[in-house]
Amino acid sequence: MRLRNKPWAKEMINDNLDLISVQPTDMQGKWQSKFEKEQPLFLELGSGKGRFITDLAKQNPQNNYIAMEVQEGAISLLLKKQVEMKLPNLQLLLDNGSKLSELFAENEIDGLYLNFSDPWPKTRHEKRRLTYKAFLEQYKYVLKDDGHIKFKTDNQGLFEYSLISMNNYGMKFDEISLDLHNNEGLNLNNIQTEYEEKFSKKGFRINYLKAHF
Ligand SMILES: C[S@@+](CC[C@H](N)C(=O)[O-])C[C@H]1O[C@@H](n2cnc3c(N)ncnc32)[C@H](O)[C@@H]1O
């Protein structure tokens, strides 16, 4: 969903460049320097308004997190929250995930979260899906050898596509659920996103997988 640009967003971004990076060209391999402590680094690609990543960062002060989003209108809402919260282990990144391997160095990331990624159902838009092979290639580059991807979606078509795409790429699956909220074990520590709450309330089942290269 496209969010309208906020009239106040640009000024807030410019006033808080210690909390958010905008299309940086010089951060590859240097992300740890943006945080108070050097510790494992996790990325959420397509973080939207950021409820998931802020809850995750609050619950896990022993990790660092980057919320990456291509829409200024969405990440500015997260920035507004972070200006208040000032979580020391959360950084924001406004840029397109298609440039991931220019933004991060090889093996710089410990884990990647994809939550309710846009499904792009038309075949001619396949390349925009965040589990298309060109994205997987970049994830493989930036993730450590033991790094994992965790992916959740209510969209059956995108989930099936992603299983096939990841399998064809030679990825290995650690966990799969076609109904996360009714899987006691996997749901125990689940943190819901904005989309997850909205669509599960409408009765959609949440698909989940954890995989590694
Ligand atoms: C359907 S929303 C889900 C938002 C949030 N993850 C949630 O679950 O509530 C998908 C988000 O991914 C972002 N997105 C899509 N493609 C992206 C890309 N190539 N790079 C960065 N963000 C992207 C969109 O702007 C949008 O905010």
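What you are looking at is a predicted structure, and each value in this text was computed from that prediction instead of being measured.

Rules behind the numbers
- Residues numbered from 1 in each chain as written.
- Predicted model: local features only at pLDDT ≥ 70, side-chain atom pairs only at ≥ 80, totals over all residues.
- Heavy atoms only, no water.
- Axes fitted to C-alpha atoms, helices over the stretch in contact; angles between N-to-C directions.
- Helix = DSSP H or I, 4+ residues; strand = E, 2+ residues; numbered from the N terminus.
- Parallel < 35°, antiparallel > 145°, perpendicular 65-115°, else oblique.
- Left-handed = near helix turned anticlockwise from the far one by under 90°.
- Contact = heavy atoms within 4.5 Å.
- Expected span 1.5 Å × (residues − 1).
- Buried < 20%, exposed > 50% of the residue type's maximum accessible area, 1.4 Å probe, protein only.
- Arc of directions from axis to C-beta.
- Polar contact = N/O pair within 3.5 Å; in protein donor to acceptor, adjacent residues only side chain to side chain.
- Near = heavy atom within 4 Å.
- Areas by Shrake-Rupley, 256 points an atom, 1.4 Å probe, with all protein chains shown as cover.
- UniProt positions renumbered as here; feature names shortened; annotations may be inferred.
- Patch = residues over 30% accessible without salt bridge, like charges linked within 9 Å, V, L, I, M, F, W, Y side chains within 5 Å.
- Salt bridge = Lys/Arg side-chain N within 4 Å of Asp/Glu carboxyl O.
- Lys, Arg positive; Asp, Glu negative; His and termini not counted.
- Charge placed at Lys NZ, Arg CZ, Asp CG, Glu CD.

### Describing the packing of helix α2 (residues 51-59) against helix α3 (residues 72-85)
Line of reasoning, step 1. Viewed as axis vectors pointing N to C, α2 and α3 meet at an angle of 25°, and their least axial separation amounts to 10 Å. Between α2 and α3, the angle is such that the two are roughly parallel. At the point where α2 passes α3, the crossing takes the right-handed sense. From α2, Arg-51, Ile-53, Thr-54 and Lys-58 reach across to α3, where they touch Leu-78, Lys-81 and Met-85.

### As for helix α6 (residues 156-168)
Line of reasoning, step 1. Between its first and last C-alpha atoms α6 spans 18 Å; for 13 residues at 1.5 Å apiece the expected length is 18 Å, and the two agree.
Line of reasoning, step 2. The complete set of buried residues in α6 reads Leu-158, Phe-159, Tyr-161, Ser-162, Ser-165 and Met-166. Taken end-on, α6 shows its buried residues confined to a sector of 165°, consistent with a single buried face. Those residues of α6 that are exposed and aimed more than 90 degrees away from the buried face are Ile-164 and Asn-168.
Line of reasoning, step 3. Its side-chain oxygen placed 3.1 Å from the backbone nitrogen of Gly-157, Asn-155 serves as the N-cap of α6.
Line of reasoning, step 4. Within two residues after α6, Gly-170 carries a phi angle of roughly 90°, on the positive side.

### Thoughts on the environment of Ala-67
Line of reasoning, step 1. Inspection of the secondary structure assignment puts Ala-67 in strand β3 (residues 64-69).
Line of reasoning, step 2. Since its relative accessible area comes to 0%, Ala-67 is described here as buried.
Line of reasoning, step 3. With 68 residues separating them in the primary sequence, Ala-67 and Phe-135 have C-alpha atoms 17 Å apart.
Line of reasoning, step 4. In this view, Ala-67 contacts Glu-44, Ser-47, Ile-53, Ile-75, Leu-78, Leu-90, Gln-91, Leu-92 and Leu-93; residues no more than four positions away in its chain are not counted.

### Points about the site of the ligand
Line of reasoning, step 1. Around the ligand sit 18 residues, and of these Gly-46, Glu-69, Asn-96, Gly-97 and Thr-193 come closest.
Line of reasoning, step 2. Within the backbone of Val-70, one N or O atom sits 3.3 Å away from a nitrogen atom of the ligand.
Line of reasoning, step 3. When the free accessible area of the ligand is taken as 600 Å², the share hidden by the protein chains comes to 93%.
Line of reasoning, step 4. Of all the secondary-structure elements, those providing two or more residues to the shell around the ligand are β2 (41-45) and α8 (194-201).

### Observations concerning the UniProt feature "binding site: substrate" (unreviewed entry) in the chain
Line of reasoning, step 1. The UniProt record annotates "binding site: substrate" (unreviewed entry) at Lys-122, Asp-154, Thr-193, Glu-194, Tyr-195 and Glu-196. These residues run over 75 residues, and the two farthest C-alpha atoms among them are 24.8 Å apart, placing them at more than one spot.
Line of reasoning, step 2. Secondary-structure assignment places Thr-193 in the loop between α7 (184-187) and α8.
Line of reasoning, step 3. Discounting chain neighbours no more than four positions away, the residues touching Thr-193 are Arg-51, Phe-52, Asn-115, Phe-116 and Lys-152.
Line of reasoning, step 4. Relative to the helices and strands, Tyr-195 is located in helix α8.
Line of reasoning, step 5. A residue is classified by how much of its surface remains accessible, and Tyr-195, at 31% relative accessible area, is partly exposed.

### Some details on the side chain of Ser-162
Line of reasoning, step 1. Within the element layout of this structure, Ser-162 appears in helix α6.
Line of reasoning, step 2. Within polar-contact distance, the side chain of Ser-162 engages the side chain of Thr-131 at 2.7 Å.
Line of reasoning, step 3. The contact partners of Ser-162, leaving out residues within four places of it in the chain, are Thr-131 and Phe-151.

### Description of a positive patch on the surface
Line of reasoning, step 1. Taken together, the side chains of Lys-49, Lys-58, Lys-81, Lys-198 and Lys-202 present a region of like positive charge at the surface.
Line of reasoning, step 2. Tracing the chain through its elements places Lys-49 in the loop between β2 and α2.

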